[in-house]
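Given next are the chains, with one letter for each unit.
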Amino acid sequence: MTQDPGLASWLQLTLTPGLGAAAIRGLLQQFGLPKNILAATRSQLERAAGPAAAQLLRPEQIAPAIERALRWAQEPGHAVVTLADAAYPRLLLEIPDPPPLLYAVGRTKLLGQPSLAVVGSRNATAQGLRDAEQFSKAFSAAGLTIVSGLALGIDAAAHRGGLAAEGSTIAVLGTGVDVTYPRQNAPLAAQIAESGLLVSEFPLGTGGAAHHFPRRNRLISGLTQGCLVIEAALASGSLITARTAADQGREVFALPGSIHSPLSKGCHALIKQGAKLVESAEDLLAELTAFRRIGYASTRTTAETPAPPDALLAHMGFDPVDLDSLCVRAGLPAEHVSAELLRLELAGRIAALPGGLYQRLS
């Protein structure tokens, strides 16, 4: 994909120490594109996002990291996908805390395909591994991209199944996208980079840390229309992913197992709580039929500060419209209109549609 010429500004925004994702979203809502944020005064920045935002005025401390990321993004197969990019997965705008950008290696077009999360135990049984791979292969053959976390056990088997058919697979990492964790999955990660997609919201070089993986899990479910759990103990991190999926409005599915197996307890608990029991790939595909839309429009409302009234909305009407038409109607340059569209989308006032179209939400 063609890189955003303003990528350095996005990197400065996300690499600034102490500036969290919530503060970044607030700044984007108020100012639009990152270059507008970086042109603001210290007092404006602090009013919008607190004292940490003033660090944006001291980019010299992160200049090497920005340069490293820019060089990395120029390498074949590498991309940094920002909120302003057409390739940014619209499903992530459904979740409360979408990452401002994603580092990606491989086929970025998979971010816009119908998808399913498949997760489960790291210490899976032989039967669980077979189920994960065969179910994932069937889903991939049906056109679903399989999303998982590149962990040992069920995750790895799900990725292998996804790679075996045309839907392929996305691995969401709890490290920098240039760091393979666990090391045992290095050959699998290389295969995914070649035929699927590796993604991470963490800066390059970031190692594994316990608190990274719950953040990764919200993206595994957030990128998908549904989540299938195959083998999970009651204390499994896969149950966190499943509950996050439910909170995000995704469908949750679970594969039942023996009542005597500890690795069935988590799946059975999910079923008791309302997850749909799956005995065959057809069971799940039938449930997901109504959700198999690419990049469906977000209708999520937000409790964050709403965007102020904008004249651009009047020019949009209520029919889908492209960027060029909006520029003509509003008499404004594309750069300005793009910034306003981003701010309005983050505020839940408009939705981005496939084909580069935008639509006002009632």
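Residues numbered from 1 in each chain as written. Predicted model: local features only at pLDDT ≥ 70, side-chain atom pairs only at ≥ 80, totals over all residues. Heavy atoms only, no water.

Counting its regular elements, the chain contains 15 helices and twelve strands. Expected size for 362 residues packed as a compact globule is a radius of gyration near 21 Å; at 21 Å, the chain falls within 12% of this value. Projecting the C-alpha coordinates of the chain onto the three principal axes gives extents of approximately 65 × 45 × 35 Å. Counting over 362 residues, the chain shows a buried share of 52%. Here the analysis covers contacts within the chain between residues at least 6 apart in sequence; of these, 72% occur between residues at least 24 apart. (Helix = DSSP H or I, 4+ residues; strand = E, 2+ residues; numbered from the N terminus. Rg over C-alpha atoms; globule rule 2.2 N^0.38 Å. Buried < 20%, exposed > 50% of the residue type's maximum accessible area, 1.4 Å probe, protein only. Contact = heavy atoms within 4.5 Å.)

Burial of strand 3 (residues 115–120) is extensive: six of the six residues sit out of reach of the surface. With burial as the criterion, each face of strand 3 is covered, one bearing Ser-115, Ala-117 and Val-119 and the other bearing Leu-116, Val-118 and Gly-120. As paired strands, strand 3 and strand 4 (residues 145–148) are joined by three bridges and run parallel to one another. Bridge pairing links Ala-117 to Val-147 in strand 4. Between the parallel pair strand 3 and strand 4, the chain is carried across by helix 6 (residues 126–141), and the sense of this crossover is right-handed. (Pairing = 2+ DSSP bridges. Right-handed = clockwise from strand over helix to strand, strands pointing away.)

Below, the discussion takes up the environment of Arg-329. With respect to the helices and strands, Arg-329 occurs in helix 14 (residues 323–330). Judged by relative accessible area, which is 43%, Arg-329 ranks as partly exposed. For Arg-329, the residues in contact, after removing those within four places along its chain, are His-315, Met-316 and Val-321. In terms of polar contacts, Arg-329 uses its side chain to reach the backbone carbonyl oxygen of Met-316, at 3.4 Å. (Polar contact = N/O pair within 3.5 Å; in protein donor to acceptor, adjacent residues only side chain to side chain.)

Helix length check: helix 6 (16 residues) gives 23 Å between terminal C-alpha atoms against 22 Å at 1.5 Å per residue, within 8%. Residues Gly-128, Ala-132, Phe-135, Ser-136, Phe-139 and Ser-140 constitute the buried set of helix 6. Along the long axis of helix 6, the arc covered by the buried residues comes to 135°, so they all point the same way. Gly-143 sits one or two residues past helix 6 and shows a positive phi near 105°. (Expected span 1.5 Å × (residues − 1). Arc of directions from axis to C-beta.)

Bringing the sheet that holds strand 10 (residues 321–322) into the picture now. Across the sheet, three strands lie side by side as 10-12-11; this open sheet has antiparallel pairing. Looking at strand neighbours, the two that pair on one side only are strand 10 and strand 11 (350–353), the edges of this open sheet. In this structure, strand 11 lies alongside strand 12 (residues 357–360), joined through four bridges in antiparallel fashion. Bridge pairing in strand 12 links Ala-351 to Gln-359.

The peptide bond linking Tyr-181 to Pro-182 adopts the cis configuration, its omega dihedral lying at -5°. Its place among the elements puts Pro-182 in the loop between strand 5 (169–172) and helix 8 (186–195). The phi dihedral of Ser-168 is positive, around 65°, even though this residue is not glycine. Here the phi dihedral of Glu-231 falls at roughly 65°; this positive angle occurs in a residue that is not glycine. Position of Glu-231 among the secondary structure elements: in the loop between strand 7 (226–230) and helix 10 (237–247). Classification of Glu-231 as buried rests on a relative accessible area of 13%.

Below, the discussion takes up the packing of helix 1 (residues 7–15) against helix 2 (residues 21–31). To describe two helices that pack against each other, one gives the angle between their axes and the distance between the axes. The geometry of helix 1 relative to helix 2 is characterised by a closest axis approach of 10 Å and an angle of 140° between their N-to-C directions. Taken together, the axis directions place helix 1 and helix 2 in an arrangement best described as oblique. Side by side, helix 1 and helix 2 meet where Trp-10, Leu-13 and Thr-14 of the first sit next to Ile-24, Leu-27 and Leu-28 of the second. Per-class residue counts for the contact of helix 1 with helix 2 are five nonpolar, one polar and no charged. (Axes fitted to C-alpha atoms, helices over the stretch in contact; angles between N-to-C directions. Parallel < 35°, antiparallel > 145°, perpendicular 65-115°, else oblique. Nonpolar A, V, L, I, M, F, W, Y, C, P; charged D, E, K, R; others polar.)

On the surface, Glu-279, Glu-282, Asp-283 and Glu-287 cluster together into a negatively charged patch. As for its position among the elements, Glu-279 is in the loop between strand 9 (276–277) and helix 12 (281–288). (Patch = residues over 30% accessible without salt bridge, like charges linked within 9 Å, V, L, I, M, F, W, Y side chains within 5 Å. Areas by Shrake-Rupley, 256 points an atom, 1.4 Å probe, with all protein chains shown as cover. Salt bridge = Lys/Arg side-chain N within 4 Å of Asp/Glu carboxyl O. Lys, Arg positive; Asp, Glu negative; His and termini not counted. Charge placed at Lys NZ, Arg CZ, Asp CG, Glu CD.)

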